[in-house]
Amino acid sequence: MSTDVLTFGVNHHSAPVDIRERVSMAGDVVLPALHGLRSIFGNSVKEAAILSTCNRTEIYCAADQSIAADIPAWLAEFNSLKDDELRPYIYQLDQDKAVRHAFRVASGLDSMVLGEAQILGQLKTAVRTADEAGTLGSTLHQLFQRTFSVAKEVRTNTAIGAQSISFAAAAVRLSERVFGDLKNSDVLFIGAGEMIELCAAHFSGANPRSITVANRTPERGQLLASRFNGGTMKLSELPEQLHKFDVVVTCTASTLPILGLGMVQKLSRKRRSKPVVMVDLAVPRDVEPEVAQLDNIYLYTVDDLGRYVQMGQDSRQRAVGQAEAIIDARVLNFMQWMESRRLVVPVIQDLNHHAESLRQAELAKARRLLARGEDPEAVLEYLARNLTQKYLHAPMSQLNRSEAAQRQELLNIVPQLFPFDSEQH
């Protein structure tokens, strides 16, 4: 069976956030997921990598086309979903379409924020995890190395990332819509990951009255808070302290909401209808969606921010065409590499098998001679001579039997297959 490059996934184009959060995989889940994929499908999935972010969960694999229909069912089962719940939202991309998708994702063309650079780092993390899991082979290794190269080429030669509005910047702007100047606002960040760091940097530039970080690991929270002259608090203090903050930005790896409807209702009563902006950048979501129905609570999810940043993308559309042209050329190059491997690798395997058979046969003869007490030096000479003759028999026979035109072609090829030392001529 042939091996194809296949991609399966859900993203912000194909599925709403309530579906994406149900198949999202935290960093510590990806490794066992890869092991599970391998154990279920065996050698039918020869290589695999999983990319999971707030906007997408995707499986990239080098696999037999025959099992393609089974992978969406596995993804559903792994995430405790029924197959028919997930399948309508899953896309499958094969061969050049899968390669083009990887190149577009890494280049920021498939992101909510056109041209955003964060996805490239997330993709590199996915590749490192696949390598750690032992599911990264020669095909995906080559694919992702070319993917990173294409992303660099796109960013170097186009304006795809120019004037991009990040989620972090969008969070600040949406907060300013409610409060105007943020100089009299108190901002709470829940979590201390990369996204929260970006948001903290953007909010810090708006000079809020205070910045506070609440994180599961106090040391990491303290480290982030110290960069922005902020304070820290424990997650366990949220129920009693939440009402003190005007803006709450949360992005944790929790599998369940950490800000429930009841907690936010209590917050609202304590604030006596003073508004609160809540920015939930987590997938799965950190804030229960029912919170959005409360008066004076302005809740924004990743999808809301995505729609906001898309409004500023017109100036970058010209760069998209340039980026797509680069990607098209690089997809063609990769598919040519795939085709050459499909043709060449079996021949190389046959050559190795043939050479190994000759080696084993001649080695067995040599061992029998040694067992009879023959001189070891003479046996080594015999072994080397016989191996050389066996290896050269086929090409020399072809040269001797070939007609003039074929002989000249062979004479041109032989120096490439057997590079001669110039001193031997």
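What counts, and at which threshold
Residues numbered from 1 in each chain as written. Predicted model: local features only at pLDDT ≥ 70, side-chain atom pairs only at ≥ 80, totals over all residues. Heavy atoms only, no water. UniProt positions renumbered as here; feature names shortened; annotations may be inferred. Buried < 20%, exposed > 50% of the residue type's maximum accessible area, 1.4 Å probe, protein only. Helix = DSSP H or I, 4+ residues; strand = E, 2+ residues; numbered from the N terminus. Arc of directions from axis to C-beta. Contact = heavy atoms within 4.5 Å. Patch = residues over 30% accessible without salt bridge, like charges linked within 9 Å, V, L, I, M, F, W, Y side chains within 5 Å. Areas by Shrake-Rupley, 256 points an atom, 1.4 Å probe, with all protein chains shown as cover. Salt bridge = Lys/Arg side-chain N within 4 Å of Asp/Glu carboxyl O. Disulfide = S-S within 2.5 Å. Pairing = 2+ DSSP bridges. Axes fitted to C-alpha atoms, helices over the stretch in contact; angles between N-to-C directions. Core = buried A, V, L, I, M, F, W, Y, C linked by side-chain atoms within 4.5 Å. Lys, Arg positive; Asp, Glu negative; His and termini not counted. Charge placed at Lys NZ, Arg CZ, Asp CG, Glu CD.

The name given to the chain in an unreviewed UniProt entry is Glutamyl-tRNA reductase, with the source organism recorded as Oligella urethralis DNF00040. Check the Pathway (unreviewed entry) section of the UniProt entry for the chain; it says "Porphyrin-containing compound metabolism; protoporphyrin-IX biosynthesis; 5-aminolevulinate from L-glutamyl-tRNA(Glu): step 1/2."

A. Examining helix H12 (residues 261–271) more closely. Taken as a whole, H12 has its buried residues at Val 264, Leu 267, Ser 268 and Arg 271. Buried positions in H12, seen along its axis, are confined to an arc of 100° and lie on one side of it. In this structure, the buried residues of H12 make contact with strand E9 (276–280) and strand E10 (297–300). Arg 272 lies just past H12 and shows a positive phi near 55°.

B. Here's a closer look at a nonpolar patch on the surface. On the surface, Tyr 391, Leu 392, Met 396, Ile 413, Leu 417 and Phe 418 cluster together into a nonpolar patch covering about 530 Å² of accessible area. At the level of secondary structure, the elements contributing two or more residues to the nonpolar patch comprise helix H15 (376–401) and helix H16 (404–417). Take the nonpolar patch: its biggest share by element is three residues, from H15. Inspection of the secondary structure puts Ile 413 in helix H16. Take Ile 413: its relative accessible area is 33%, and that puts it in the partly exposed class.

C. The arrangement of the state of the cysteines in detail. Applying the stated rule across the entire model yields zero disulfides. The structure places no disulfide on Cys 54, whose sulfur is separated from the nearest cysteine sulfur, that of Cys 251, by 6.8 Å.

D. Region of the structure containing the sheet that holds strand E3 (residues 56–64). A sheet is described by the order of its strands in space; here four strands give the open sequence E2-E3-E1-E4, paired in antiparallel fashion. In this open sheet, the two edge strands, each paired with only one partner strand, are strand E2 (45–52) and strand E4 (91–94). Averaged over neighbouring strand pairs, the angle between their axes works out to 15° when direction is ignored. The pairing of strand E1 (residues 3–11) with E3 spans nine bridges and is classified as antiparallel. In the strand pairing of E3, Asp 4 is matched with Ala 63. Packed on one face of the sheet, helix H3 (residues 71–78) meets E1, E2 and E3 and runs near 135° to E3.

E. View of the nonpolar core. Within the largest apolar cluster, 67 residues are counted, with the highest numbers of intra-cluster contacts made by Val 45, Cys 61, Ile 71, Leu 86, Val 99, Phe 144 and Phe 334. It is helix H14 (residues 317–371) that contributes the most residues to this core, ten residues altogether. In this structure, Ala 170, Val 172, Ala 192 and Ile 211 belong to the second largest nonpolar core, which totals 39 residues.

F. Just a negative patch on the surface, in detail. On the surface, Glu 374, Asp 375, Glu 377 and Glu 381 cluster together into a negatively charged patch. Mapped onto the secondary structure, Glu 377 falls in helix H15.

G. View of the pattern of salt bridges. In total, this model carries 21 salt bridges according to the counting rule given. Two residues, Asp 110 and Arg 56, come together in a salt bridge whose shortest N-O distance is 2.8 Å. With Asp 110 in the loop between helix H5 (96–106) and helix H6 (118–133) and Arg 56 in strand E3, this pair connects stretches of sequence that are 54 residues apart. Arg 56 sits in the buried class, given a relative accessible area of 2%.

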